[in-house]
Structure formats: C-alpha cells, structure tokens
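Reading the structure
Each chain, letter by letter, is given below.
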Amino acid sequence: VRRAVLAGDWYLDDNPDALAYYNRVLRCPDHDAERTDVFSYAQNVYFSLDPARVPEDAVLQGRKYWDQAWVPRPADTVILGEAAGGSNHVMAHFWALGLAPPGDGVALRHDQRFSAVYADGHAAAAALGDTFDTDTGLDRWHPGE
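From a predicted model like this one, the values you see are computed outputs, not experimental measurements. (Residues numbered from 1 in each chain as written. Predicted model: local features only at pLDDT ≥ 70, side-chain atom pairs only at ≥ 80, totals over all residues. Heavy atoms only, no water.)

1. Concerning the sheet that holds strand β6 (residues 114-118)
- Read across the open sheet, the 5 strands follow the order β5-β3-β4-β6-β7; overall the sheet is mixed. Sheet topology places β5 (89-90) and β7 (123-126) at the edges, where each strand pairs with a single neighbour.
- Looking at chain direction, strand β4 (residues 78-82) and β6 are connected through 3 bridges and run antiparallel. Looking at the pairing, Gly81 lines up with Ala116 of β6. (Pairing = 2+ DSSP bridges. Helix = DSSP H or I, 4+ residues; strand = E, 2+ residues; numbered from the N terminus.)

In structure tokens, the structure reads:
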C-alpha cells in the first residue's frame, strides 16, 4: 500500500527518491528539522495565480505575470522567498492592499533575513524592509512596480 505525504498543498509519493529530493531541495536546513510536511520556500503569488483568482484592482492593474520574461526589472523582483507555515506561496499582493501585514507568510530564519530568489535567477539574503516598505512605496514583490 502506497501512501502520500502532504507537503504544503502538494502530495508527494512516499518513496525514498521523492522524499530525498523534497528534503534536499525544497527544505531550508534551518527550518524545523522534524517537520517534513511543510515547504521551506514559497512562490510569490503574483507568479502563480490564474486570472480567475486575481481581482482586477489598483495594485495588479490587470496584469498577470506567469512568465518571468514579462517582468520589467527581474533583478529586483522576488519570485521565491522562505515560507512561514505550510503554504507554498506568499500572498504579497495582500500586503499592498492592506489585507495582511507586510511580511505575512515570509519566514525570517537568518538574522531577521530570508533567502530570496529573484526573477533573473540570482539568490540573496534579504531583510523584509529591503523588499517591501509601505512608508516608501517599495514593493519588490510586485513584478510591475
């Protein structure tokens, strides 16, 4: 009998290769070593929602970014970040809309910083304030900002 392991919103077959890949690639070594059922990294929701799930609002301005090639400033746009909780995505557009506090869903596991991957493919440690700040209007999660 095969059983599935819930990993965030995704099911992985319970086999050594799949679990080894999940724990080697999708888990931060500093993320609760006993938990193997949650993602360590999450996709910026701007890159994952389909048109039916994204409201037409002032923040999105009708644009959907399914492809990094459409991003005007790929070196400045966060596409993946470390996740808090079990979600495989960060609802960054909620921060700009005031529906969630800035940084909701992001885990600051490394001296108040998180590992970020940008749309151009580079990775760096970032402080939340370096990627989103309502006071200055900085929003490195929104692909068009």
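2. Some details on the packing of aromatic side chains
- If you walk through the whole model with that rule in mind, you get 3 aromatic pairs.
- Plain terms: the ring middles of Trp95 and Trp141 are 5.1 Å apart, the flat faces sit at 75° to each other, and that makes the pair edge-to-face. Remark: Trp141 occurs in the segment after β9 (138-139) and Trp95 occurs in helix α2 (residues 92-97); sequence separation between them is 46 residues.
- Judged by relative accessible area, which is 3%, Trp95 ranks as buried.
- By relative accessible area, which is 0% here, Trp141 ends up buried.
- Clustering of aromatic rings is evident, with ring pairs tying together Trp95, Phe114, Phe132 and Trp141. (Phe/Tyr/Trp six-rings, centres within 6.5 Å; stacked < 30°, edge-to-face > 60°. Buried < 20%, exposed > 50% of the residue type's maximum accessible area, 1.4 Å probe, protein only.)

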